[in-house]
Amino acid sequence: MQQPQNQYVQAEATAIFPDRQLIEARSVDGVKFYIGYNKLAICTGSSGSTFGIPGVEQHAHFLRDVRHAEAIRSQLIENIALAGVPGRPIDDYNRLLHVVIVGGGPTGVEVAGELSNLINRDLKHVYPDRAKAMRVTVVEAKELLGTFDGSLREYAARKLVAQGVKLRKGVVKHVEPGCLTLTDGTVIPFGLCIWSTGVGPTPFTLSLPFAKTKVGRIAVDGYMRVLAPPLQQGQAGHVRGEGEAVGVTGQVTPLTKEHSTEVSDLFDPAKASGAAAAAAQSPSSSSSTTTTTTIANLRPVPHIYALGDCCATTDSPLPPLAQVAEQQGKYLASVLNAEARNLNPTQGEGGGAQGSGSGGELQPFKYRHLGSMATVGGTSAILQLGGANSFKIGAQRGLSIAGFLSWVAWRSAYLTRLGTIRARMQVAFDWTITLLFGRDLSRW
């Protein structure tokens, strides 16, 4: 970004017009503008998934970015301070000092481990009575760290329980101010609820006139090209396929509700077969303005790519991990750079320049899973290395390591993934200060 030909604009993208190769955007103070593009990469990430559970967005904290982390820290320190007010009822006192984490994946486990370390290492020296009363509960519907090897899951559970973390299996029915209710009727009061149950599509992603998977991610092919269903030529809002001429310039309309439903059903075999049967029984439906589209009929939208959490292939979707987005970014950069030089990218794996085979044709993206890791509090962590599919539940696992060495590897991996030397030095300095003097519990 330091090169003069590059530009950063802080704004919210509101629409994409493929026929005109324009992006509609709006600044934080309401200025609406358009940006033209030659190539477009959609990398808008994802948002926290609520699964439609009432009250989550209003009464729980997500943990997706720095703003969320700062809000959680502020709420936690405020609750600790409020609990010390003289004359507070004991039930309210216990509620304020109870942190509930919904979701037993790597993020939820890491938060639980760090909170227990905060309580046992730092808080007990400042507020020993409140530290003794403080509780951390992890609510998980299935298995704790379900994508990890069984021995690592057991190790993580033992470590968390030994540090005072309570593990609770259950499904949240709804969240209210100060408490959540499970489907079995159990009511769990909390002072702070952290929601870490996975990710879902953003409103912007859902609004785009492209094909989606059944979970709302943008459908892409093996070359990271965005796919769209070909509408009939007579329809307004026609989205071009690769090599297709423009009928009416600039007329791109988001898919209708009817069409969006059909495209979403393409990736649900039961619904897809049902739609096909219904079409066969109703001859008149074939002459309507909207036809049921099969996956084979989806076409790449020219000059538009997507990568990261916001997209997935139709046959083998990859997990929403940082290493997936990083490898996809390197792959797409190699493809675009080679195209700019009128060259074919060289063949490679793991996010490198993957491109030409023996015949010079472009090769699809190949993901190389480097491994999974999570810290479980203190200087303990779990690390699992494996093959390309080891991140999937039930897949064959690779090398599994737990303990201090895994913690060193975890910290080293996160440190090396920071973008600049300045950021790495800042984080390393903060870790050292925390190790020597403890965490800062003052309010910002």
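Counting starts from 1 at the beginning of each chain's written sequence and moves along it residue by residue. Predicted model: local features are reported for residues with pLDDT of at least 70 only, side-chain atom pairs are reported and counted for 80 or more only, and whole-chain, interface and lining totals are derived from all residues. Computation of side-chain values: all heavy atoms of the structure, hydrogens and water removed.

J.: Is there a simple way to explain the pairing of strand β10 (residues 172-176) in this structure?
T.: One face of the sheet, then the other: side chains in a regular strand alternate in exactly this way. Being paired, for any two strands, means DSSP has found at least two bridges between them. Here a strand is any run of E in DSSP of at least two residues, a helix any run of H or I of at least four, and the numbering for each starts at the N terminus. Pairing geometry for β10 and strand β11 (residues 179-182), over 4 bridges, is antiparallel. For Val172, the partnering residue across the bridge sits in β11 and is Leu182. The turn linking β10 back onto β11 is made up of 2 residues, and Gly178 within it adopts a positive phi angle of 85°.

J.: Sorry if this is basic, but what is going on with the packing of aromatic side chains here?
T.: Two descriptors summarise a pair of aromatic rings, namely the distance from one centre to the other and the angle between the planes of the rings. Only Phe, Tyr and Trp rings take part, Trp by its six-membered ring, and two of them pair if their centres are within 6.5 Å. Stacked means planes under 30 degrees apart, edge-to-face means over 60, and tilted covers everything else. Applying the stated criterion to the full structure yields 4 aromatic pairs. Between Tyr331 and Phe365, the aromatic rings sit 5.5 Å apart at their centres with planes inclined by 65°, giving edge-to-face as the arrangement. Taken together, the residues Tyr331 in helix α10 (residues 322-340) and Phe365 in the loop between α10 and β19 (372-375) connect sequence positions 34 residues apart. Owing to a relative accessible area of 0%, Tyr331 belongs among the buried residues under this scheme. With 5.0 Å between their ring centres and 50° between their planes, Trp410 and Tyr414 make a pair best called tilted. With Trp410 and Tyr414 both in helix α11 (residues 404-416) and 4 residues apart, the pair spans about one turn of that helix. Note on classification: 1.4 Å probe, protein chains only; a residue is buried when its accessible area is under 20% of the maximum for its type, exposed when over 50%, partly exposed between these limits. Classification of Trp410 by relative accessible area gives buried; the value is 9%. A cation sits over an aromatic face here: Arg130 above Tyr127, 3.9 Å from the ring centre. Criterion for a charge above a ring: Lys NZ or Arg CZ within 6 Å of the ring centre, and within 35 degrees of the ring normal.

J.: Teacher, can you tell me more about helix α2 (residues 66-83) here?
T.: Three- or four-residue spacings in an α-helix give side chains the same orientation, since the helix completes a turn every 3.6 residues. Given a rise of 1.5 Å per residue, 18 residues ought to cover 26 Å, and the 26 Å separating the end C-alpha atoms of α2 matches this to within 8%. Residues Ile72, Arg73, Leu76, Ile77, Asn79, Ile80 and Ala83 constitute the buried set of α2. Axial view of α2: buried residues confined to an arc of 155°, hence all on one face. Looking at the buried positions of α2, the neighbouring elements they touch are β6 (61-62), α3 (90-96), β7 (98-102), α4 (106-126), α5 (128-133) and β13 (192-195). The definition of a polar contact used here is a pair of N or O atoms within 3.5 Å, where within protein one atom must be able to donate a hydrogen and the other to accept one, and adjacent residues in sequence count solely through side-chain atom pairs. Two to three positions downstream of the cap, the backbone nitrogen of Arg67 sits 3.1 Å from a side-chain oxygen, assigning the N-cap of α2 to Asp65. One less than the number of residues in a helix, times 1.5 Å, gives the span that helix is expected to have. Arc, as used here, means the arc of the directions from the helix axis to the C-beta atoms. What makes two residues a contact is simply this: any of their non-hydrogen atoms within 4.5 Å.

J.: Hey, could you run me through helix α12 (residues 421-437) in this one?
T.: Here α12 spans 24 Å end to end across 17 residues, near enough to the 24 Å set by a 1.5 Å rise per residue. Once α12 ends, the next one or two residues include Gly438, with phi positive near 85°.

J.: Honestly, the pattern of salt bridges in this entry has me stumped. Any pointers?
T.: A pair can form between side chains of opposite charge whenever their charged atoms are brought close. Each salt bridge in this description consists of a side-chain nitrogen of Lys or Arg and a carboxyl oxygen of Asp or Glu lying within 4 Å of one another. For the structure shown, the criterion picks out 15 salt bridges. Between Asp92 and Arg95 there is a salt bridge whose closest N-O contact spans 2.8 Å. A residue pair is termed a helical-turn pair when its members lie 3 or 4 positions apart in one helix, as Asp92 and Arg95 do in helix α3 at 3 residues. Taking the shortest distance from any N to any O, the salt bridge between Arg225 and Asp221 comes out at 2.7 Å. On the basis of relative accessible area, Asp221 is assigned to the buried category, the value being 14%. Sharing partners across several salt bridges, the network here consists of Glu114, Arg121, Asp122 and Arg439.

J.: How do you make sense of a nonpolar patch on the surface when you look at a structure like this?
T.: Within the patch definition used here, like charges are joined within 9 Å and nonpolar side chains (Val, Leu, Ile, Met, Phe, Trp, Tyr) within 5 Å, considering only residues with over 30% relative accessible area and no salt bridge. Exposure was quantified through the Shrake-Rupley algorithm and a 1.4 Å probe, taking into account, for residues, occlusion by the shown protein chains and nothing else. A cluster of nonpolar side chains, namely Phe429, Ile433, Leu435, Leu436 and Phe437, defines an oily patch on the protein surface of about 580 Å² accessible area. Structurally, the position occupied by Ile433 is in helix α12.

J.: Where do I start with the sheet that holds strand β1 (residues 12-17) in this structure?
T.: Within a beta sheet, neighbouring strands are joined by backbone hydrogen bonds and run either parallel or antiparallel to one another. Spatially, 3 strands are ordered β1-β2-β3 in an open sheet, and the strand pairing comes out antiparallel. Two strands bound the open sheet, and with one partner strand each, they are β1 and β3 (32-36). Averaged over all pairs of adjacent strands, the angle between their axes in this sheet comes to 25°, without regard to strand direction. As defined by bridge partners, strand β2 (residues 22-26) adjoins β3 across 5 bridges and the pair is classed as antiparallel. Looking across to β3, one finds that Ile23 is bridged to Ile35. Only the stretch in contact is used when a helix axis is fitted, and all axes are lines through C-alpha atoms; the angle between N-to-C directions ranges over 0 to 180 degrees.

J.: Is there a simple way to think about unusual backbone geometry in this case?
T.: Of all residues except glycine, most have a negative phi; of all peptide bonds, most are trans. Here Gln21, not a glycine, exhibits a phi torsion of approximately 55°, which is positive. Relative to the helices and strands, Gln21 resides in the loop between β1 and β2. You will see that Leu145, though not glycine, has its phi angle at about 50°, which is positive. Counting through the fold element by element, Leu145 comes out in the loop between β8 (135-140) and α6 (150-162).

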